[in-house]
Structure formats: structure tokens, C-alpha cells
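# Commentary on secondary and tertiary structure
Here is what each chain is made of, one letter per residue.
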Amino acid sequence: MKSKKLLSLLLVAAMSITCLTACGKKNEVEPTPTPVPAVTPTPAADTTGLNAAKDYINNMYASKDGSATATASDYSVVGVVKIDGVTYNIEWTTDAKSGVTIGAMDSKKMVNIDVDEKTKSQVDYTLTATIKDANGNKVSASFKHYVPAYKELSYAEYAAAEKGATVVVKGVVTALLSKANGNSSYSVYFQDENGGYYAYNIAEDHFNSLNLKPGMTIQVTGQRDTYSGTYEIVNAKVEVLDSSIKKVTPADYTEIFKKAATLKDKSLAEPQAILVTLKGVEIIGIGSDPTYYMFQLGDKQSYVRISSSSCPIGKDDQAKFIDTFNSHIGYIADVTGLLTLYDGAFYISPISADAFTNLTLPKRTDAEMVEFEKGKLTFPARITEDTVLNLVSTGATYKDVSIVYYIKGALHEGDKLPITQTDNEQTIEIKAELKCNDKTAEALFTVIVEAKASDLCEAEVLSKAFALADGQSVSGKQVLRGKIVEIPSAYSEQYKNITVNMQVGDKIVQAYRMVGGADLKIGDTITVTGVLKNYKGTVEFDKGCTYSKTLSVDEAKQLITVEKAFELTDGQALSGKQVLCGKIVEIPSAYSEQYKNITVNMQVGDKVVQAYRMVGGADLKIGDIITVTGVLKNYKGTIEFDKGCTYIKGQKLAYAKDLLVMEKAFALKDGEKMSGLQEVTGTITKFDEKGAYSEQYNNCSVWMKVGDYEIEAYRLKGGKDLKVGDTITVTGYLKNYKGTIEFDSGCTYVKATADSTPKTGDNSVMILFMLLFMAAASFTVMTVSKKRAR
């Protein structure tokens with residue numbers, strides 16, 4: 001109602017502006033103008049692009065508080081920037097008399113600033129960027145810096161240093177991380193007699209020029225940083241002091257580990273990054289994160305981590321380590337590696353494939369062996385895609401233990417259990433009977449098999465479709481929207497169909513013998529509904545698919561949902577919650593102040609669906625458009641949303657679906673992930689610690705708000721153009737990582753533009769701007785006409 005009043009006022013305002021402009025000042029007599037000699041003015045230099053380039057440089061290099069920035073080692077600055085397709089060259093100069101030298105621009109358009117790391121006294125200097133355009137116009141930006149006086153720190157001084165402080169430390173190399181070994185950066189672990197150090201993300205050329213090897217003695221200069229409890233040295237410059245190889249003996253942390261109250265105990269957290277050994281640990285299996293290789297010592301558990309982006313050992317050694325680990329579950333061993341922290345908690349990073357040594361299998365009684373194997377037997381609690389469960393017939397560690405299985409009470413033959421999703425959720429009961437001589441035990445498991453996903457996002461539909469083998473099809477009807485790029489078979493008046501190829505994202509999908517199509521031409525954008533299959537290498541919608549020029553993907557999908565709902569028999573319900581948008585055509589039960597609910601009938605396409613005892617509704621009336629979320633069922637012939645369904649006023653299908661995705665995501669347990677690619681739209685609230693855009697890796701980590709939910713998009717591809725407040729649509733795999741709901745590394749995004757329709761479906765803002773534009777246009781036209789009359 002408020003929107004209508006606002007629009008009415010704007011209409012009146014627009015009309016008033018037009019009328020006033022048309023009328024002008026009726027009684028004003030215009031004087032005859034005095035001729036003025038024509039003078040051609042000298043055009044002012046357009047510095048818009050230059051100033052934008054200057055702003056860009058300031059954002060890159062200016063300190064937040066205007067204070068001088070420490071530059072303890074060499075660093076690079078850009079030699080060229082491109083703004084709106086225009087290239088601007090940058091000349092760098094300094095007022096430093098000594099200790100700072102400006103290098104030439106390299107092939108990557110970067111300029112090296114060479115500083116004297118071993119200066120005896122602090123060097124204060126200003127670095128100035130002079131930005132030039134092709135016409136010789138220029139602007140400048142200056143930045144205060146200083147080279148700190150050289151001082152080598154002890155481990156205690158290094159640990160106590162503030163973030164950003166210049167540090168100089170030395171030690172013996174214990175581990176190297178490089179991109180050649182599959183890591184995302186070039187980094188070095190090294191230690192002295194008092195503690196360890198981690199130089200993170202060293203410049204590639206500099207790292208490769210050093211030819212580093214474990215055992216060498218090095219000195220590192222850089223800035224102190226902390227990430228998730230780990231001390232780091234960033235912007236590091238490394239100098240080899242002694243290339244001879246020295247052996248570092250790991251510290252025995254067995255008793256320290258046992259006596260520590262928690263994994264965050266100070267005795268385990270300090271000093272950091274040193275080689276340690278724990279003796280007599282029990283190898284217990286994979287953790288909640290598949291990169292965690294768990295062990296237990298005393299009453300505490302920790303893990304050796306094989307990270308996909310930061311691991312001192314290469315892929316071959318990782319595979320060897322994993323094989324050794326998996327074949328020695330239950331064994332007692334010694335474990336050796338780097339003392340590493342995550343969120344301040346102790347774990348070990350391996351420096352060789354033989355992280356576990358002195359492997360011995362403890363002797364156990366028959367009963368103990370049965371109980372041990374029972375404890376190691378696991379099945380997934382929830383299955384989200386077709387799979388096959390392996391049913392082992394003997395113990396993983398103690399082969400004398402035999403195992404048989406009963407599925408839904410019946411003895412299962414064979415060592416495989418195929419799991420196939422259906423349209424409805426399934427519950428599978430598995431009973432395992434374990435036996436060793438006369439000792440037995442039972443283990444019961446309940447496995448939930450989720451229903452087939454019926455509302456796949458575009459990326460997941462394409463992923464599934466283009467993974468099909470010849471003759472296979474994606475389950476159920478799917479919907480895609482794309483632009484027609486080819487018409488292999490023109491519209492047939494006889495058969496009333498057409499075959500078109502359409503561009504969807506970066507893929508070409510065919511709509512084969514699509515119903516209708518007399519009005520279609522190349523360049524049209526259409527929404528197609530049907531069964532997707534692979535026919536001899538062509539991914540296509542099967543014969544009989546349908547299209548709409550006007551329906552969105554979400555609107556077309558809801559018609560599929562309605563179709564399925566009206567196929568239900570009495571008492572049946574569609575699996576999970578559904579979302580539909582429609583117009584209220586009847587209110588069988590008015591809003592109840594006592595129960596705070598209402599029952600409405602709404603038109604969805606050519607069907608009527610009831611929302612039974614829907615929460616709230618005091619503001620609803622016949623004719624309102626609402627988006628309803630809930631369980632759809634057939635109750636004695638009536639297709640209805642079950643009691644407790646909820647609504648949002650307006651056409652907000654996409655937004656309501658996003659909230660449903662969030663509800664499912666926040667129901668995940670640690671280590672679980674949702675099936676298939678997901679897509680949601682939200683507003684960026686902050687960048688993660690160390691999550692700002694990385695030029696080197698072309699990614700960033702952001703937090704975004706989706707309704708009342710907040711999630712992380714971890715290592716989002718790209719993101720150079722992003723800032724807090726931006727609205728983005730993210731596509732990727734949603735998971736629960738240690739309590740954080742996040743899109744996994746490698747997720748992608750599309751940034752909302754000024755002309756994007758928001759997912760909330762509220763178009764009043766767009767209408768408002770159109771009215772203002774019309775008013776302004778009227779004003780301009782009438783003013784120009786008046787000037788011409790003169």
C-alpha cells in the first residue's frame with residue numbers, strides 16, 4: 001500500500017515538473033540578446049580516468065591510517081594500470097638519498113623497489129607514483145615508508161612482535177612448500193634452538209633462485225603476521241647463510257602432549273613450527289575432515305593433515321603416507337612432523353611419507369578384537385547421490401574377525417550394497433554381526449537416502465547433463481534458459497515442432513523437436529522444460545520438450561512441482577519442503593487472532609493449491625501475490641501445503657528458495673556437504689581474515705548475508721571487483737567445516753549490476769527510477785524546446 005502511495009506521489013511530481021516547465025514565466029519579457037563574437041575555448045584536460053587510476057593506486061598502497069609503512073625487504077609495485085580499457089603508465093620515484101633504489105619495469109609490468117635490509121639506522125622515505133595518460137596529462141600520489149634498522153631477533157622477540165612489525169630471524173630449513181609439489185604458494189619452515197618459523201608466500205622468482213634444501217641455514221627478513229593462531233613471516237626475503245646440510249633432531253613431545261589440558265594448551269602451542277615426535281600413539285582412522293589422519297595418545301586425539309594446498313610432501317609421498325595409514329588402523333606407532341596450529345590447536349604436518357614409524361599391532365583377546373572392529377565399522381548417516389556401499393567381510397585390522405550383514409532384517413549376500421535414490425526419502429537399516437571364535441557383537445546403523453534433487457541450479461543441471469554417457473538421461477524434468485544460436489530444423493507446420501540449439505552459460509544444449517516454435521528465431525531467449533539426455537554425444541532436451549519466452553527458470557520449475565503434486569494420491573506428500581508462488585483467489589479460513597494462522601487458496605498456473613493453516617496472514621487479502629514454503633501433500637483430494645507452512649508477500653520465488661537452501665545447509669553436521677552444486681544470492685558483509693583479493697591466486701574469501709543466515713564463500717574465484725555491500729550470486733558446493741557453513745574452495749560468483757532484478761522480486765524501486773527518469777526527460781525536452789524558440 002505504501003509503495004502505491006509513493007508511486008502516486010511521484011506521478012503527481014512528474015506531472016507537476018512537466019507542467020511548470022511547459023508554462024514557464026508567462027509575464028516575463030525576454031530581452032534581445034547582444035551579439036557576442038564567437039570564441040573557441042581551449043578544452044580542459046579530462047582527468048577523470050587519471051583520477052580513477054590515482055584512486056586505484058591509493059587503494060593498493062596507502063596505509064589505512066596514513067602512517068608510514070615498514071618495508072624491511074625488496075617489494076614490487078605496478079608499473080601500469082588499466083581503467084575502463086585505457087592504459088596509464090606509472091613512473092615511480094623516491095626522495096631517499098640511500099638505502100632505496102627504483103628498478104626497471106619487468107615483463108609482468110611490475111617495478112621492483114630494492115631496499116637495503118641491513119641498514120644500520122632507519123631510513124624514512126617517500127615513494128611517489130606519477131600517473132600519465134597518452135596525452136601527457138599526469139597526476140601523482142605519494143606514500144610514506146621506512147626501512148627499519150637491521151636487528152636479528154630471538155624466537156621470543158619474534159613471537160612477541162606485533163602484526164606488521166619487521167622481523168629478521170635465522171635457522172635451519174626443515175621443510176619446503178612449492179607449487180611444483182602441488183602447493184598454492186612457495187613457503188619455508190625453519191627453526192633454531194629455541195623455536196620455529198614459517199615464511200609464507202615467498203615470491204616465486206626469488207624462491208626458485210635460492211635452490212633451497214632441508215638442512216641449509218637461512219636468514220629471513222619480512223613482516224610478522226598471524227593466521228589462525230600461526231605466526232608467519234610475509235613479504236619475506238631469504239638469504240642462504242650456509243648451504244651445507246645440518247640434521248635437525250625432532251623434540252620428544254610425548255609427555256608434554258599427555259600432560260596438556262587441551263590441544264590449545266600453551267605447552268603445545270609454544271614454540272611453534274618445530275619438528276616434534278610423539279611416541280606410542282594409536283592410529284585411529286580418518287577424521288570428520290577427510291584430510292585429517294587421526295591418532296590418539298592418552299586421553300587426547302589429534303591428527304596429521306594432508307592439505308591439498310599447503311603440504312610439505314608431494315603427491316607421490318602423500319599417496320604412500322595414506323596407504324600406510326589406512327593399512328595400519330589400530331596400530332601403535334611413533335609420529336613425527338612439524339608442530340602446526342589451526343585456530344590455536346595442535347596438529348602435525350608431515351615432512352616425509354614415513355610420518356608414522358615403529359608400527360606394531362597390539363595383542364588383544366577375541367572379545368577385544370570384536371569390540372575393536374565394531375568400533376571401526378562405519379556407514380554414512382546420510383546419502384545424497386547414487387552410490388555403492390562396501391560391506392567388508394573381515395576386520396580391517398584383525399582379520400580373525402568375520403562380519404555378516406542384514407539389510408532390513410534379511411541376510412545380505414555379497415560385499416556390495418547398491419544405493420539408488422528415488423523420488424522419496426528412504427531409510428535403510430543395516431545390522432552387522434561380528435564374530436571371533438565364540439565372541440560376538442552387533443552393530444546397528446540407520447542410513448537416510450535423500451530423495452532425488454528435483455530443483456537443481458543451472459550449473460548442477462549442466463554438470464550432470466554433460467557428464468552423461470550416450471543413451472543416459474538426467475532424472476526427471478529439468479529447466480534451462482538460454483539464447484537460440486542455431487535452428488537445425490525449422491518449424492514444421494505439419495508436426496508443429498522445431499529443433500533449436502541454445503547457448504546456456506558456456507554450453508550448447510539442443511531442444512529436439514520442441515513443441516511449437518513458429519514464432520522463434522535466432523537470438524531469442526527461451527526457457528525450456530523437458531528431459532535432458534545424451535544422444536550420440538549431443539546433450540539435448542528430448543522430443544516433446546516445451547518452451548516459454550516469458551517464464552523465468554524458477555517460474556517454469558514451479559509448474560513441474562505443481563504437476564508432481566497433482567499426481568499424488570490421498571495421503572502422499574512430496575519429499576522435503578517446496579516453494580510455490582501464486583495469487584490468492586479464496587480465503588476458506590480467515591486469519592485467526594488466537595492461533596495466528598490463515599488458510600488460503602492460491603492460483604499457480606492453471607491449478608489451485610491450498611496453504612492450510614499458514615503461519616501469520618493478518619495482512620493478506622484476495623488478490624495478493626504470495627510465495628509459500630512448506631510440505632506439499634494430497635489430503636482427501638486437496639493439494640495443499642501442510643499446516644505450519646510460511647509465506648513471503650510478493651513474487652519472491654528465488655529468494656524463498658535461497659532461504660530453503662540455507663535451512664538445509666545449516667542442518668549439516670561437521671564434515672557433511674549438500675548434494676550437488678548450489679546457488680544462492682546474498683550481500684557481502686565482510687572479507688575473511690587474509691581473505692581479501694589475492695592477485696597471485698585470483699581468489700578471495702567473503703562472508704555474505706542470505707536472509708538472516710550468514711555464510712562464507714571460501715577462496716571464491718576472482719573477486720578483484722568486490723567490496724562490502726555488493727550483492728553476488730555464488731555457485732558451488734555447500735558444506736559444514738568445523739561449524740562454519742561455507743561454499744567450498746573454487747566457488748564462483750556473478751555480481752549483481754545496477755539493472756539486475758533483485759531476488760526479493762520487489763520492482764517498486766525500478767518503477768520509481770523510471771518515473772523520475774520520465775519527469776527529468778520531460779523537463780529536458782521542454783527546456784530545449786524553449787531555448788530553440790529563442
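What counts, and at which threshold
Residues numbered from 1 in each chain as written. Predicted model: local features only at pLDDT ≥ 70, side-chain atom pairs only at ≥ 80, totals over all residues. Heavy atoms only, no water. 1 Å grid on protein atoms, 1.4 Å probe; cavity = no way out; pocket = protein on both sides within 12 Å on 5 of 7 lines; lining within 4 Å. Points joined across faces, edges and corners; volume = space filled by probe spheres on them. Helix = DSSP H or I, 4+ residues; strand = E, 2+ residues; numbered from the N terminus. Nonpolar A, V, L, I, M, F, W, Y, C, P; charged D, E, K, R; others polar. Axes fitted to C-alpha atoms, helices over the stretch in contact; angles between N-to-C directions. Parallel < 35°, antiparallel > 145°, perpendicular 65-115°, else oblique. Contact = heavy atoms within 4.5 Å. Core = buried A, V, L, I, M, F, W, Y, C linked by side-chain atoms within 4.5 Å. Buried < 20%, exposed > 50% of the residue type's maximum accessible area, 1.4 Å probe, protein only. Salt bridge = Lys/Arg side-chain N within 4 Å of Asp/Glu carboxyl O. Arc of directions from axis to C-beta. Pairing = 2+ DSSP bridges. Phe/Tyr/Trp six-rings, centres within 6.5 Å; stacked < 30°, edge-to-face > 60°. pLDDT = per-residue confidence, 0-100. Polar contact = N/O pair within 3.5 Å; in protein donor to acceptor, adjacent residues only side chain to side chain.

## Observations regarding empty space enclosed by the protein
A probe matching the size of a water molecule, rolled over the atoms, marks out where space remains unfilled. Within this structure, the stated rule accounts for two cavities of 30 Å³ or more. The volume enclosed by the largest cavity comes to roughly 70 Å³. Around the largest cavity, the lining residues are Y158, Y189, G196, Y197, Y198, T230, Y231, Q272, A273, L339, T340 and L341. Going through the elements one at a time, strand 11 (196-199), strand 13 (230-242) and strand 18 (332-342) are the ones with two or more residues in the lining of the largest cavity. Looking at side-chain class alone, the lining of the largest cavity contains eight nonpolar, four polar and no charged residues. Space inside the second largest cavity adds up to approximately 30 Å³.

## As for the packing of helix 10 (residues 553-565) against helix 11 (residues 653-665)
Think of two packed helices as two axes; the pair is described by the angle between the axes and how far apart they sit. One can describe the packing of helix 10 onto helix 11 by two numbers: an axis separation of 9 Å at closest approach and a directional angle of 70°. Here helix 10 lies roughly perpendicular to helix 11, going by the angle between them. Judged by residue contacts, D554, E555, K557 and Q558 of helix 10 engage L653, A654 and K657 from helix 11. Tallied by class, the residues present in the contact of helix 10 with helix 11 amount to two nonpolar, one polar and four charged.

## Some thoughts on the nonpolar core
Among the nonpolar cores identified, the biggest contains 30 residues, and F257, L278, F295, V335, F346, I348 and F356 are the most heavily contacted of them. Beyond its immediate stretch of four places on either side in the chain, V335 contacts V276, T277, L278, V281, F295, V304, I348, A355 and F356. In this structure, I57, I90, I113 and L127 belong to the second largest nonpolar core, which totals 26 residues.

## Digging into the pattern of salt bridges
Across all of its chains, the model carries 37 salt bridges by this definition. A salt bridge links D354 to K320; the shortest N-O distance between them is 3.9 Å. Linking D354 in the loop between strand 19 (345-349) and strand 20 (356-360) with K320 in helix 7 (residues 315-326), this pair joins segments that are 34 residues apart in sequence. On the basis of relative accessible area, D354 is assigned to the partly exposed category, the value being 44%. Among the ionic pairs, K633 bridges to D642, the shortest N-O distance being 3.0 Å. D642 sits in the partly exposed class, given a relative accessible area of 27%. Because the salt bridges share partners, they merge into one network encompassing D519, K521, D524 and K549.

## A few points about helix 8 (residues 366-376)
Every buried residue belonging to helix 8 is among M369, V370, F372 and E373, and all of these are buried. For helix 8, the angular spread of buried residues about the axis comes to 165°, placing them on one side. Where helix 8 is buried, its residues touch strand 15 (275-286), strand 26 (426-436) and strand 27 (439-449).

## As for unusual backbone geometry
With an omega dihedral of -5°, the bond running from E270 to P271 counts as a cis peptide bond. Here P271 lies in the loop between helix 6 (266-269) and strand 15. Phi is positive for N235, close to 50°, though the residue is something other than glycine. Taking relative accessible area as the criterion, N235 reaches 51% and is therefore assigned exposed. Non-glycine residue K536 carries a positive phi angle of around 55°. By the element assignment, K536 lies in the loop between strand 32 (532-535) and strand 33 (538-541).

## Notes on the sheet that holds strand 44 (residues 709-717)
As summarised here, the arrangement of the seven strands in space is 46-47-44-43-42-45-48, forming an open sheet in which the pairing is mixed. Every other strand in the sheet has two partners, leaving strand 46 (734-737) and strand 48 (748-751) as the edge strands with one partner each. On average, each strand axis in the sheet is tilted by 40° relative to the strand beside it, whichever way the strands run. By the bridge criterion, four bridges tie strand 46 to strand 47 (residues 740-743) in an arrangement that is antiparallel. The residue bridging Y737 from the neighbouring strand is T740, located in strand 47. Lying on the sheet, helix 11 is in contact with strand 42 (678-687), strand 43 (699-706), strand 44, strand 46 and strand 47; it crosses strand 42 at an angle near 80°.

## Some remarks on the packing of aromatic side chains
Scanning the model with the defined rule gives 26 aromatic pairs in all. Ring plane angle 15° and centroid distance 5.0 Å describe the contact between Y303 and Y347, whose orientation is recorded as stacked. Taken together, the positions of Y303 in strand 17 (residues 300-305) and Y347 in strand 19 put the pair 44 residues apart, joining distant regions of the chain. On the basis of relative accessibility, which here comes to 9%, the residue Y303 falls in the buried class. On the basis of relative accessible area, Y347 is assigned to the buried category, the value being 9%. Arranged with centres 5.8 Å apart and planes meeting at 50°, the rings of F325 and F356 form a pair that is tilted. Of this pair, F325 sits in helix 7 while F356 sits in strand 20, placing them 31 residues apart in sequence.

## What about the confidence of the model for the protein?
The predicted model of the protein averages 88 in pLDDT, with 89% of residues at 70 or higher. In this model residues 1-32 is a low-confidence stretch, pLDDT under 50, and it forms 22 contacts with partners more than four residues away in sequence or in other chains. Throughout residues 760-790 the model reports pLDDT below 50, and contacts reaching past four residues in sequence, or to other chains, amount to 28 contacts.

## Re the side chain of E460
Inspection of the secondary structure puts E460 in helix 9 (residues 458-465). At 2.8 Å, the side chain of E460 and the backbone nitrogen of L677 are in polar contact. Apart from residues lying up to four places away in sequence, E460 is in contact with G676 and L677.

## Focus: the sheet that holds strand 32
The strand order across the open sheet formed by seven strands is 32-33-30-29-28-31-34, and the pairing between neighbours is mixed. Two strands in the sheet have a free side with no partner beyond their single neighbour: strand 32 and strand 34 (546-548). Strand-to-strand twist in this sheet, taken as the mean axis angle between neighbours without regard to direction, amounts to 45°. The pairing of strand 28 (residues 478-492) with strand 31 (residues 525-530) spans six bridges and is antiparallel.

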